[in-house]
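# Topology and contacts: notes
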Amino acid sequence: MTTIRDLTYDLLRRHDITTIFGNPGSNELPFLEDFPSDFRYILALHEGAAIGMADGYAQATGRTAFVNLHSAAGTGNAMGGFANAWNAHTPLVVTAGQQVRAMMGIEALLTNIDATTLPKPLVKWSCEPARAENVPLAMSHALHLSALPAPGPVYLSIPYDDWDKPAEPESLRLLTRTVSAAGALDTGALAALAARLDRSTNPVIVLGPDVDAARANAHAVRLAERLKAPVWVAPSAPRCPFPTTHRNFRGLLTASMADISRQLEGHDLVLVAGAPVFRYHQYEPGPLLPPGAELIQITCDPDEASRAPMGDAVVGDIGLILAALADKVSDAARPEPQPRETPTRAAAGVAPLAAERVLDLMDELAPRDAIYVNESTSTIEAMWERMRWEQPGSYYFGAAGGLGFAMPAAVGVQLAEPDRQVIALIGDGSANYSVTALWTAAQHKVPVVFVIMRNGTYGALRWFAGVLKAEHVPALDVPDIDFVAIATGYGVEAVRVDTDAAFAAAFTRALKAGKPSLIEVVTAWPPT
Ligand SMILES: Cc1ncc(Cn2c(C)c(CCOP(=O)(O)OP(=O)(O)O)sc2=O)c(N)n1
Ligand SMILES: [Ca+2]
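Everything in this summary refers to the structure shown in the same document. Predicted model, so just to flag it, every value in this text is computed and none were measured.

## Focus: empty space enclosed by the protein
One pass over the full model with this rule turns up two cavities of 30 Å³ or more. As a volume, the largest cavity reaches approximately 80 Å³. Together, N87, P209, A234, P235, S236, A237, P238, A275, P276, R279 and A399 line the largest cavity. Of the residues in the lining of the largest cavity, the class split is eight nonpolar, two polar and one charged. Considering only enclosed or pocket space, the second largest cavity measures out at about 60 Å³ in volume.

## Side note on the pairing of strand β6 (residues 153-159)
With seven of its seven residues buried, β6 lies for the most part within the structure. Of the two faces of β6, the one carrying P153, Y155, S157 and P159 and the one carrying V154, L156 and I158 are both buried. The sheet contact formed by strand β4 (residues 92-98) and β6 spans seven bridges and is parallel. When the sheet's bridge partners are listed, V93 is paired in β6 with V154. Relative to β6, strand β5 (residues 125-127) runs parallel, the two sharing three bridges. In the strand pairing of β6, S126 is matched with Y155. In this fold, β5 hands off to helix α7 (residues 135-147), which returns the chain to β6; that crossover is right-handed.

## Section: the site of ligand 1
Neighbouring ligand 1 are 18 residues, the closest being T377, S378, G429, S430 and A460. A distance of 2.8 Å separates a nitrogen atom of ligand 1 from a polar atom in the backbone of G401. Within the backbone of G429, one N or O atom sits 2.8 Å away from an oxygen atom of ligand 1. Coverage of ligand 1 by the protein amounts to 77% of the 600 Å² it exposes when considered alone. When residues of the shell around ligand 1 are assigned to their parent elements, the largest contribution, three residues, is made by helix α18 (residues 459-467). Among the residues making up the shell around ligand 1, the classes are represented as five nonpolar, 11 polar and two charged.

Reading the values: rules and limits
- Each chain carries its own residue numbering, running from 1 in the direction its sequence is written.
- Going through the entries in the order they are written, you letter the chains from A and number the ligands from 1.
- Where totals are concerned, whole chains, interfaces and linings use all residues; where local detail is concerned, this predicted model gives features only for residues with pLDDT of at least 70, and gives and counts side-chain atom pairs only at 80 or more.
- Only heavy atoms go into the side-chain values, all of them from the structure, while hydrogens and water stay out.
- Here a cavity denotes grid points, spaced 1 Å and computed from the protein atoms alone, that fit a 1.4 Å probe unable to get out, and a pocket denotes an open set having protein on both sides within 12 Å along at least 5 of 7 lines; residues with an atom within 4 Å of a point are the lining.
- Grid points are joined across faces, edges and corners, and a volume is the space filled by probe spheres set on the points.
- When residues are grouped by polarity, Ala, Val, Leu, Ile, Met, Phe, Trp, Tyr, Cys and Pro land in nonpolar, Asp, Glu, Lys and Arg in charged, and all others, Gly among them, in polar.
- Residue burial is assigned from relative accessible area. The probe radius is 1.4 Å, only protein chains are included, and a residue is buried under 20% of its type maximum, exposed over 50%, and partly exposed in between.
- Each helix is a run of H or I in the DSSP string that is no shorter than four residues. Each strand is a run of E no shorter than two, and both are numbered from the N terminus.
- Here, strands pair whenever DSSP counts at least two bridges between them.
- By the criterion used throughout, a crossover qualifies as right-handed when its path from the first strand across the helix to the second strand runs clockwise, the strands pointing away from the viewer.
- Residues are counted as near a molecule or strand when any one of their heavy atoms sits within 4 Å of it.
- N or O atoms closer than or at 3.5 Å make up a polar contact, with two conditions inside protein: a donor-capable atom paired with an acceptor-capable one, and, for residues adjacent in sequence, both atoms drawn from side chains.
- Shrake-Rupley sampling with a 1.4 Å probe provides the accessible areas, and residues are treated as covered by the protein chains on show and by no other component.

Here it is as structure tokens:
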């Protein structure tokens, strides 16, 4: 007899999923019973770390990741991670154990009350199957839907007395289903779009995270070179969709309406690919586009296309459309864009140590194909100006700005990319949200290099307090946290440094260690 549990594990295998990220409670034990030997369970000590690891793993593999959380309390602890995954279009199937069906009505302890409402609106779909026999269909539905454009998290709440029930013979058909999305432009629409680009006198390209998610970076390069168009990265960037060393690269757009129009001044056509229009952050009202400019958005997300406040939009497969456009547009008869001004390297041997000097040393010493998972929020701009990111999958940031993403996500990315070095650059404020990820890194010997930028304050909030002219705000300092002691407590070797020479030596050692390491580097605040 095939049980619901047997069929569920077979469905996961069918979708190439044999890693489970999670933190169990009693409701989850029957699902985990007789855990199959071809699966691995990555235990997180907090559900925020579990979903963050799964998010990083899914983004780096480009495939759906699977999470198992404990009822309502576990789901609640993961809500910040749902926000990041939702904004990042990350394909996740998040499951939570539910009380037995006979005791749900009386709300016995660990009943996930109104379970399907809990993760909304940060899921594409949530479901608590009406009967045990429906679990395989719900699981199959969730696995396909999470990966279909626009990808995103889905949630299943499953009563723990369902797993031993027999699966209905007809539900075995689910094992052989394939579901795929088309998404190319028809020839007419492609020709019209290419013609609009060819007619433009001064086009500019703005690229978003879904270009990197589609691994379409090289198509974007070809299109930019054919059009001889400068390339900006869309604001509040959670990924890097274009080589920062390319002569057409202009940098990261500011997350403000007024500033974006200033930065795009003079262009008559703005082509946005793989990004919402736009993920503004600070409210600085102004014209949505510079005078005379038109905008076309290419997105995999019908809702992004529908909610944009201006321009035209095309919904489809970003990789297919960029590749077809790069083949279709003419070689523009205009001069190549001039390479941007890059900042001079920060001076050596200066105390107190400037954050820019740490960034420059990392960029110089790390392997060229290193992957940065960032949550040092006051140095984002400096990173985009200084770091040389050339390959797809080189940069990740929490897409909803929810802190607690980067430390676990770095572990997930390193699990997915064992041949590239992952460097987690974390602020001394952010480092406290999912610090338990250090324990999982130590237990699974995941060789992430964690760099904690200790400036003793919530630097980005100090900047924002200036933007909002919010004076005398309390609760912006985070002094006296000993990350060396914390890391050691979780089993990760750690060192504190406060000079560039000491950082360079520690960073070089960490890169060779072959195991997780943490460097707490004391940096100047305010920035010099
Ligand atoms: C879950 C969560 N809580 C609070 C915040 C608010 N927040 C906070 C608390 C920031 C300060 C981060 O400080 P840091 O030390 O990590 O980095 P910097 O000093 O470089 O800014 S930035 C920011 O948006 C958030 N984004 N996400
Ligand atoms: Ca800080």
